[in-house]
Amino acid sequence: MSATGIGAAVRRKEDQRFVTGKGHYTDDVSRPGQCHAYFLRSPHAHAKIKNIDSEAAAAMPGVLAVLTGADLAADKIGNLICGWMITSKDGSQMKMAPHPAIAHGKANYVGDPVAVVVAETLPQAKDAAEKVKVDYDLLPALCDPAKAQDQGAPQIHEVAPRNTIYQWHLGDAKAVEAAFKTARHVTKLDFINNRLVPNAIEPRAAIGEYDAGSESLTLWNTTQNPHVARLVMSAFVGLAPEHKLRVIAPDVGGGFGSKIFIYPEEVVCLWAARKIGRPIKWVAERSEAFLTDAHGRDHVTHAEMAFDPDGKVTGLRVKTVANLGAYMSTFSSSVPTYLYGTLLSGQYEIPAIYCEVDAVYTNTVPVDAYRGAGRPEATFVVERLIEVGGRQMGVDPADLRQKNFIKTFPHQTPVIMIYDAGDYHASLKKALELADYAGLAKRKRESVRHDKLRGIGFSTYIEACGIAPSQAVGSLGCGVGLWESAEVRVNPTGTVEVLTGCHQHGQGHETTFAQVVSERLGIPLENVSVVHGDTDKVQFGMGTYGSRSGAVGISAIVKALDKIEAKAKKVAAHMLEAAEGDIVFEDGKFTVAGTDKSAAWGEVALNAYIAHKFAGQELEPGLKEGAFYDPTNFTFPAGCHICEVEVDPQTGESEIVAWTAVDDFGTVVNPMIVEGQVHGGIAQGVGQALLEGAIYDKDGQLVTGSLMDYCMPRAQDLPALKVEMTKTAAPSNPLGIKGCGEAGAIAAPVAVINAITDAIGTEDLPMPATPQAVWRALQKANDRRTAA
Amino acid sequence: MYAFTQHRPATVRQAASLLTKQEEAKLLAGGHTLIPTMKLRLAGPKHLVDLSKVEGLSGIEMKGRSLVVGAMTTHVEVETSPIMKESIPALAGLAGKIGDPAVRHRGTIGGSIANNDPNADYPAAVLGLGATIITNKRRIHADEFFKGLFETALEDDEIITKVQFPKVNKAAYVKFPNPASRYALVGVFVSKRSSEIRVVVTGAGANGVFRVTTFEEALKKRFGPKSIEGLTVPADGMASDIHGSAEYRAHLVGVLARRAVAAAA
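**Observations concerning the overall build of chain A**
- Of the regular secondary structure elements, chain A holds 19 helices and 28 strands.
- Radius of gyration (C-alpha) of chain A: 28 Å, near the 28 Å computed for a compact globule of 788 residues.
- Within chain A, the proportion of its 788 residues that are buried is 62%.
- Restricting the contact set of chain A to residue pairs at least 6 apart, pairs at least 24 apart contribute 79%.
- Here chain A contributes 75 positively and 92 negatively charged side chains, and the mean placements of these two sets differ by 2 Å.

**Overview of the pattern of salt bridges**
All names here are of chain A.
- Taken as a whole and assessed by the stated rule, the structure comprises 65 salt bridges over all chains.
- K430 is paired through a salt bridge with E724; the nearest N and O atoms lie 3.8 Å apart. Of the two residues, K430 is situated in helix α11 (residues 424–434) and E724 in strand β28 (residues 721–726); the sequence distance between them amounts to 294 residues.
- The class for E724 is partly exposed, based on a relative accessible area of 34%.
- Several salt bridges share partner residues, and in doing so they unite E383, R384, E387, R391, R401 and E763 into one network.

**Overview of the interface of chain B and chain A**
- Residue-level contacts link 21 residues of chain B with 24 residues of chain A.
- Buried area between chain B and chain A, both sides added, is near 1900 Å², and the carbon and sulfur share of it is 51%.
- Looking only at chain B, the three residues that lose the most surface to chain A are R41, I242 and Y248 of chain B, adding up to 29% of its buried area.
- At the surface where chain B touches chain A, the tally comes to three salt bridges.
- Between E130 of chain A and R41 of chain B there is a salt bridge, and its shortest N-O distance comes to 3.0 Å.
- At the junction of chain B with chain A, the criterion picks out 11 residue pairs in polar contact (both at pLDDT 80 or more).
- The greatest single-element share of the side of chain B that touches chain A, amounting to seven residues, is contributed by helix α11 (residues 246–264) of chain B.
- Among the residues forming the side of chain B that touches chain A, the class breakdown is 10 nonpolar, six polar and five charged.

**Description of the packing of helix α9 (residues 375–393) of chain A against helix α10 (residues 397–404) of chain A**
Residues and elements named next belong to chain A.
- It is the contact of α9 with α10, at a shortest axis distance of 9 Å, that shows an interaxial angle of 120°. Our pair here, α9 against α10, has a crossing hand that is right-handed. Within the contact between the two elements, α9 uses E383, I386, E387, G389, G390 and M393 and α10 uses P397, L400, R401 and N404.

**What about the pairing of strand β3 (residues 47–50) of chain B?**
All names here are of chain B.
- By the alternation rule, side chains of β3 split into H47 and V49 and L48 and D50, which are all buried.
- Across three bridges, strand β1 (residues 5–7) lies against β3 in parallel orientation. Bridge pairing links T5 to H47 in β3.
- Pairing between strand β2 (residues 25–28) and β3: four bridges, direction parallel. Considered in β3, the bridge of L27 is made with V49.

**Quick notes on the sheet that holds strand β6 (residues 133–138) of chain A**
Residue and element names in this part refer to chain A.
- Taken in spatial order, the three strands line up as β4-β2-β6 in an open sheet, and their pairing is antiparallel. Edge positions in the sheet fall to β4 (106–107) and β6, since each of these pairs with one other strand and no more.
- Where strand β2 (residues 47–53) meets β6, six bridges bridge the pair, whose relative direction is antiparallel. Paired with A47 across the bridge in β6 is L138.

**So, the nonpolar core**
Residue and element names in this part refer to chain A.
- W659 and I756 are the most contacted members of the largest nonpolar core, which totals 163 residues.
- With 12 residues, the single largest contributor to this core is helix α18 (residues 743–760).
- The contacts of W659, once residues within four sequence positions are left out, are H641, I642, C643, I682, V686, P719, A720, L721, K722, A748, A751 and V752.
- Counting 49 residues, the second-largest nonpolar core is a separate cluster that includes F513, I523, A551 and L576.

**Observations regarding the sheet that holds β28 of chain A**
All names here are of chain A.
- A sheet is described by the order of its strands in space; here four strands give the open sequence β18-β26-β27-β28, paired in mixed fashion. Only two strands of the sheet have a single partner each, and these edge strands are β18 (453–462) and β28. For this sheet, the mean inter-axis angle between neighbouring strands, taken without regard to orientation, is 15°.
- Sheet analysis places β18 next to strand β26 (residues 638–647), joined by 10 bridges and oriented antiparallel. Considered in β26, the bridge of T460 is made with C640.
- Most of the contacts of helix α17 (residues 671–691) go to strand β27 (residues 654–664), to which it runs at about 135°, and overall it touches β26, β27 and β28.

**Structural notes on the domain arrangement of chain A**
Residue and element names in this part refer to chain A.
- Looking at chain A, the domain boundaries give domain 1 (31–139 + 201–254 + 259–292), domain 2 (299–468 + 633–787) and domain 3 (483–629).
- Taking only C-alpha atoms, the centre of domain 2 and the centre of domain 3 are 40 Å apart.
- If you look at the interface, domain 2 gives 21 residues, while domain 3 gives 17 residues.
- Together domain 2 and domain 3 conceal approximately 1300 Å² of surface at their shared face, both sides included; 61% is due to carbon and sulfur atoms.
- On the domain 2 side of the contact with domain 3, I467, V669 and I673 bury the most area, a combined 33% of that side's loss.
- The tally of links between domain 2 and domain 3 comes to zero salt bridges.

**Comments concerning the pairing of β28 of chain A**
All names here are of chain A.
- Of the pairings in the sheet, the one linking β27 to β28 comprises six bridges and is parallel in character. When the sheet's bridge partners are listed, A661 is paired in β28 with V723.
- Crossover β27 to β28 through α17 is right-handed.

**Re the environment of I610 of chain A**
- Inspection of the secondary structure puts I610 of chain A in helix α16 (residues 601–610).
- A sequence separation of 11 residues divides I610 of chain A from P621 of chain A, and the C-alpha atoms of the two residues are 7.6 Å apart.

**Looking at the domain arrangement of chain B**
All names here are of chain B.
- The assigned domain composition of chain B is domain 1 (5–49), domain 2 (60–166) and domain 3 (170–264).
- Here domain 1 and domain 2 have C-alpha centroids that lie 20 Å from each other.
- Each side of the interface is counted separately: domain 1 has 11 residues, and domain 2 has 13 residues.
- Taking both sides of the interface into account, the surface hidden between domain 1 and domain 2 amounts to around 850 Å²; carbon and sulfur atoms contribute 72%.
- Linking domain 1 with domain 2 are zero salt bridges.
- At the junction of domain 1 and domain 2, the tally comes to one residue pair in polar contact (both at pLDDT 80 or more).
- No other element matches helix α1 (residues 12–21), which puts five residues into the side of domain 1 that touches domain 2.

**Focus on helix α19 (residues 771–787) of chain A**
- For α19 of chain A, which comprises 17 residues, the first-to-last C-alpha distance of 24 Å matches the rise-based estimate of 24 Å (1.5 Å per residue) to within 8%.
- Within the sequence span of α19 of chain A, burial applies to P771, Q772, A773, V774, W775, A777, L778 and A781 of chain A.
- Packed against the buried residues of α19 of chain A are β18, β26, β27 and α18 of chain A together with β9 (170–177) and α11 of chain B.

**Some points on the environment of E742 of chain A**
All names here are of chain A.
- Topologically, E742 is positioned in the loop between β28 and α18.
- Taking relative accessible area as the criterion, E742 reaches 6% and is therefore assigned buried.
- As for E742 and K147, which are separated by 595 residues in sequence, their C-alpha atoms are 31 Å apart.
- E742 has contacts with R371, G372, A373, R375, E463, C465, G546 and S547, leaving out every residue within four places of it along the chain.
- Polar side-chain contacts of E742 include one of 2.6 Å to the side chain of S547.

So, how was this worked out
- Residues take numbers from 1 onward in each chain, read along the sequence in its written order.
- Going through the entries in the order they are written, you letter the chains from A and number the ligands from 1.
- With the structure being a predicted model, the display of local features is reserved for residues of pLDDT at least 70 and the display and counting of side-chain atom pairs for 80 or more, all residues being used for whole-chain, interface and lining totals.
- Hydrogens and waters are ignored; side-chain quantities use all the structure's heavy atoms.
- Under the scheme used here, helices are H or I runs from DSSP no shorter than 4 residues and strands are E runs no shorter than 2 residues, and both carry numbers assigned from the N terminus.
- It is over C-alpha atoms that the radius of gyration is taken, and the globule rule equals 2.2 Å times the number of residues to the power 0.38.
- Exposure categories follow from relative accessible area, calculated using a 1.4 Å probe and restricted to protein chains: below 20% of the type maximum is buried, above 50% is exposed, and the middle band is partly exposed.
- In this description, contact between two residues means that some pair of their heavy atoms is separated by no more than 4.5 Å.
- Just so you know, the count uses Lys and Arg for positive and Asp and Glu for negative, and it drops His and the chain ends.
- To locate a charge, take atom NZ for lysine, CZ for arginine, CG for aspartate or CD for glutamate.
- A side-chain nitrogen of Lys or Arg and a carboxyl oxygen of Asp or Glu constitute a salt bridge if their distance falls within 4 Å.
- By buried area we mean how much accessible surface two parts lose on assembly, using a 1.4 Å probe and totalling the loss over both.
- As used in this structure description, the phrase polar contact means that two N or O atoms lie within 3.5 Å; if the pair is within protein, one of them must be able to donate a hydrogen and the other to accept it, and residues adjacent in sequence are counted only when both atoms belong to side chains.
- Following the grouping adopted for this structure description, the nonpolar residues are Ala, Val, Leu, Ile, Met, Phe, Trp, Tyr, Cys and Pro, the charged ones are Asp, Glu, Lys and Arg, and the polar ones are all others, Gly among them.
- Axis definition: a line fitted to C-alpha atoms, over the contacting stretch in the case of helices. Angles run 0 to 180 degrees between N-to-C directions.
- Handedness of a helix crossing follows the sense of rotation of the near helix relative to the far helix, less than a right angle counterclockwise being left-handed and clockwise being right-handed.
- Here, any two strands with at least 2 DSSP bridges between them count as paired.
- Think of a nonpolar core as a cluster: buried Ala, Val, Leu, Ile, Met, Phe, Trp, Tyr and Cys residues, connected wherever their side-chain atoms sit within 4.5 Å.
- Domains are outlined according to an automatic or database domain assignment.
- We call a crossover right-handed when, viewed with both strands directed away from the observer, the connection leading from the first strand over the helix to the second proceeds clockwise.
- One less than the number of residues in a helix, times 1.5 Å, gives the span that helix is expected to have.

Here's what the structure looks like:
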């Protein structure tokens, strides 16, 4: 390992500009002649739009245009789409309802745009928006996914009777039936995986600009995948041909999934920019982010696990209703299906699994991927069942897990996935030691002495990352391939630009990707720059989500570096007058094997460009190579998280007093960044478990519409985290990288809930486990005891 | 935010005159409630009368047996004041638990109690210590000052200039913060001054800050947590929202009162 190469904890190159205010975000961009858009949004969850009178608004000072869904339709602007086709168990295709960028005829959630006002200044646009008269005809609202399929429930979209988008299933129902028939013990649980508001620190923003000279559009946008945004807006929405549309995603301040999707506002900014001939900027306010960013999770689940007399899991069945909100967001359909059902085997050898998922429309903002996307929900199901099963059978939860661990690889689960490598025993063992599991009983007694209840909770989670093999996802309904591209451009002076189709919005790619290049070419880290986030610079790419940038994005870079090395060796062979096969490249130096003849990296780079040592017929000048890397399998990061809590039974407050995380991410490029990812993921998972929950009232108003009511985790909510790693390399990619971005958010929620329920001695506890929820659970348990 | 005119009077008299003369005028005394509300266009005063340049409105001084706190004194000044920490540490501690550092450096005691947010901390201390609110017109005892949700005894052109806190023998404030906003979901302030005992609750009451006389009576016999063991307040009359039902709030009043008494005793 070199000082800045793979495995080195080098400081992040990008942080200097971020922490000194020199980052360049979408809102920092100002275009000549720029004007401002303000979206008038439906205050009603479900309402017919009978009429929109914008005459008075249009006459207000500074107003350039007031546009509605009718204008959008008149210009034949296409609807937003969901790009993953899910087929129901009866063979029918999912029921995708039209999603116009501005509601036309009917508004379907509070926040649905009904008009856009474009004005010289933002206050002018807001003033004018107050003068737009919208005549609504209110319809009954539907917000509870559990009631969406009820007879008589409000019908949201014509194409989806009983609001049902699909009824999907996976696994072998008969085999599961048989397993439950012969089970010694069955554990049954009902729970809600609570709905979350992503809340990236930078709100969404867009600037649309039209250049009449070249008849082309440019969009500056807070997106995690600029090329996919361009593809959708070109091929489906029809804003411009792909070669006439440029999407730039400059510095982006966090995404967590919420910036993967194609949103109405960016479509409208582009469309309106061409219409009025001026660049248009829109920046979401925090309140708008709450109302309109795609939310996460929101599952209602019943799950059962069957055990044999030895405590071996013999079957698992799961029935989930997934709330997808008012419209199908870009990848929404895949989250509660192929990112959820396929992970229900956890780390365990489970012979039979059957999972049914009904996805439903409700009058709430669309729900789509959010850090972990389906996998936290799956982990919650499996890890809750095994924990509670252990408690019910009187088996130590660590022992029960070990008994059921998959021990040989590759392992084919009953739910599609082939786990290729892992050592679940190693991570559990290390975590038990670090958490001092042996000393738990003593600590529990100490807690009782100061009127507290102590509990411990495990989460031996698995996830599927490195998303994803294109052929595999294609066969499951995905509309795109999920490979990644890279281009390595060596300059004549030997410095390097790496172009990647991944996009960084907090991950530190500018550092980690450079580390891989630095090690491979033996050049200093500062001689490498990483270029991303601009469709005019990077030819194509699939963006960043699903912990894919290391496993897929870096693999593409490695593939391009292979080509660079091969070409550079040819150049060196000509320079050193040796046979190509005799050239050895090591530590940034080309040598002729068995001689002292050598050429430095910089000399070879220069020679590639001056081309004095070879004729054009022998070798092309230049040193630039590109590669597309398509993974052959998902990667399977896994590990063990142990959470220890103290509960104050009088107030219901839970304090996390210790956290141990032992993760297997395969090869780690930068352990400091990985540790940071684990910290952030745990914080988000703790947020879901203890603090966060989006609540819509019965009329469809978002009650938790601001940070005054929606609680994000703070530093004080977390203890010092013990983060360690074990390693089994991922066999499917050249460096053995598995991915780490989502692990914490996947592992954490269930570890917290397992810990609190252990402390309070009752399993009936919702998320978020607020003090009130824990107090109520204790009250209920007390009442039950009294009644008995 | 709607357009408005900002005035920066130099004296209380000028400020009062602006309040009377200008239509739809509001005092600005920290602005941590008013400014966010204006940004959301939920409030749109035409005139803001900024008290930050008025001489003599801030500072803490001992006058006889009372601590006098200027209305424009920030929370952080109360929190860190040596004389406050020495004389009424419970009040210094309360100020240190308000909001976050940004709020504590801009927010003022006068602004807080004039706003009388039912979840704010200061009303608990003002009523819990039996303080006197001094305005440009008169002196108002705390018992007469708080009139319900966001309502006070203040008249339209009346400006708080000082709050006078009597020194007490014992006092403590225990706060159970709303996890999101950090306002008090329930906060209980207790004090003992010779024979006068006060138990005051903020955050929980459906009608704002209130005294719990049953607790006060019980504590008169002996000022210790055991004296109020098992006592509760009725859930009827408590506020209820997504963060805490009336039952939960009523329960917390009992728990926090015992903890406050234990801390003060």
